[in-house]
Amino acid sequence: MTRFTFRTAGESHGSALCVIIEGLPAGMCLDLDAIDADLARRQEGYGRGGRMKIERDRVECLSGLKGGMTLGSPLTLLVQNKDAVIEQLPPVEAPRPGHADLAGCMKYGHRDGRAVLERASARETAARVAAGAVARQLLAGFGVEVFAHVLEVGGQPSPSPDPEVLWVRSSGQRHALRAASAFHGLDPALEEVWTHVVDEAKKEGDSLGGIFEVRILGLPPGLGSYQSGLDRLTSRLGAALFSIPAIKGVEFGLGFAVGRLPGSQVHDPITPAPPESPRRFARPSNRCGGLEGGLTTGEPLVVRAAMKPIPSLRQGMASVDLESGEAKQATYQRSDVTSVPAASVVGEAVAALALVEVFLDKYGGDSLDQVQAAFEFHAEQLRAL
Ligand code: EPS
């Protein structure tokens, strides 16, 4: 059995982005339209810039599929770039503070930030959203839903900062609310506030960050590991979210508040379950965000990520011309004012990919029916516990 892994390739203005996924079980029915729907969601969001008017991201499957079913061989997905003008683009002479431009030039010895930004650009996340859509389909087959929504844009949170209050329990309702939102949010009252702050930042030639939340529902308990630090699901999901460009903070459950509260207000009691429950114990609260000891508890997994504002500023920022060494405003071509809504879709994708890794570590098999058998065996064990 091949371990589940993926790798993307492609430059922002090269001919295409591509991802190769290995270790997908054979016999899984793949819906390419659902992948395109996620790619389209990643392109949306109030505050996106000119590039998104050019691109119309669509996936092509180059290998690993026959008659709509996975073969168990590497799955190759390709997203063409319409703005494939890498050879014509001007050099980036003055690196943008906050982007990889300068640190990347120092790493490789370049004097043109273009050589760095083409791969460092968040355009790469289109390939990961395509891979994540595959991971989401696999998880959905086992009753697991991965759902992200935006909590905050430009320092404008909901009047009720408790994310539990914003959460909408009915699946149909929360999908409808998010689909109707220009920010992939769940609170219609925030749309006007966020639109206003984005419009103001645009006028100033500035950019805005924000916070999004990913919830994963329907997870079996016991995914992940406490045997080795980096195998904890907390580590893997944290790494997955930090792998999105511009993510500067990640928190699970109560998050940073755990450092300020006594244990009695942080830990989740274990109580006897009501007689009709399939288990003998219950967890009346979920302050831990669905993870204890680096393992899923079976409660919803709740993780939030903070995104910094995009570093390409129309108003400019102090920088230096790498050829002359003279002070110069950072190179600006175009940018988004905010891409927090897009980042929330990427958050869903990377969370799903990290979860499929641990899911297949536990229930792995060469074909989907083998995975299902291992999943059912564990479900039976849990019922007897
Ligand atoms: C992006 C494409 C890029 C940017 C953005 C994300 O297009 P271009 O550089 O041609 O305008 O809009 O890039 C960044 C935020 C970044 O950090 O580089 C996309 O497809 O998401």
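Being a predicted model, the structure only gives us computed values, none of them experimental. (Residues numbered from 1 in each chain as written. Predicted model: local features only at pLDDT ≥ 70, side-chain atom pairs only at ≥ 80, totals over all residues. Heavy atoms only, no water.)

Enquirer: Would you mind showing me how to read the pairing of strand E14 (residues 301-307) here?
Expert: Residues in a regular strand project their side chains so that they alternate between the two faces of the sheet. In terms of burial, E14 is a largely internal element, 6 of the 7 residues being buried. Pairing between strand E8 (residues 210-217) and E14: 7 bridges, direction antiparallel. Each bridged residue has a counterpart across the sheet, and for isoleucine 211 the counterpart in E14 is alanine 306. Two elements, strand E9 (residues 247-252) and E14, share 5 bridges in a ladder whose sense is antiparallel. Bridge pairing in E14 places phenylalanine 252 opposite valine 303. (Buried < 20%, exposed > 50% of the residue type's maximum accessible area, 1.4 Å probe, protein only. Helix = DSSP H or I, 4+ residues; strand = E, 2+ residues; numbered from the N terminus. Pairing = 2+ DSSP bridges.)

Enquirer: Honestly, the site of the ligand in this entry has me stumped. Any pointers?
Expert: In the vicinity of the ligand, the residues found are His13, Arg42, Arg48, Arg51, Met52, His99, Ser121, Ala122, Arg123, Ile310, Arg334 and Asp336. Bound to the protein, the ligand loses 89% of the 470 Å² it would expose on its own. Tallied by class, the residues present in the shell around the ligand amount to 3 nonpolar, 3 polar and 6 charged. (Near = heavy atom within 4 Å. Areas by Shrake-Rupley, 256 points an atom, 1.4 Å probe, with all protein chains shown as cover. Nonpolar A, V, L, I, M, F, W, Y, C, P; charged D, E, K, R; others polar.)

Enquirer: Help me out: how do you make sense of unusual backbone geometry in this one?
Expert: Positive phi outside glycine occurs at histidine 184, with the angle close to 60°. In this structure, histidine 184 sits in the loop between helix H7 (171-180) and helix H8 (189-204). The backbone of alanine 246 sits at a positive phi, close to 80°, despite the residue not being glycine. Note on placement: alanine 246 falls in the loop between helix H9 (233-242) and E9. Taking the relative accessible area as the measure of exposure, alanine 246 reaches 19% and is therefore buried.

Enquirer: Got a minute to help me understand the sheet that holds strand E6 (residues 75-80) in this structure?
Expert: The strands that make up a sheet are held in pairs by hydrogen bonds between backbone atoms, and each pair lies either parallel or antiparallel. Strand order in the open sheet formed by 4 strands is E1-E2-E6-E3, with antiparallel pairing between adjacent strands. Each edge of the open sheet is held by one strand with a lone partner, namely strand E1 (5-9) and strand E3 (59-63). Along the sheet, successive strands turn relative to each other by an average axial angle of 20°, direction set aside. As judged from the 4 bridges shared by E3 and E6, these two strands associate in the antiparallel manner. Within the sheet, the bridge partner assigned to cysteine 61 lies in E6 and is leucine 77. Strands in contact with helix H5 (residues 125-140) are E1, strand E2 (16-22), E3 and E6; relative to E2, the strand with the most contacts, it is inclined by about 35°. (Axes fitted to C-alpha atoms, helices over the stretch in contact; angles between N-to-C directions. Contact = heavy atoms within 4.5 Å.)

Enquirer: When you look at the nonpolar core in this model, what are you seeing that I'm missing?
Expert: The nonpolar side chains of a soluble globular protein tend to be buried, and buried together. Counting residues in each nonpolar core, the largest one holds 75 residues, and the members touching the most others are Ile21, Leu77, Val134, Phe212, Ile216, Leu301 and Phe359. Tallying contributions element by element places helix H10 (residues 340-363) first for this core, with 16 residues. Those residues within four positions of phenylalanine 359 in sequence are excluded, and the remaining contacts are Leu138, Leu139, Phe142, Pro220, Leu223, Gly364, Val371 and Phe375. Trp167, Val168, Leu186 and Leu217 belong to the second largest nonpolar core, which has 5 residues in total. (Core = buried A, V, L, I, M, F, W, Y, C linked by side-chain atoms within 4.5 Å.)

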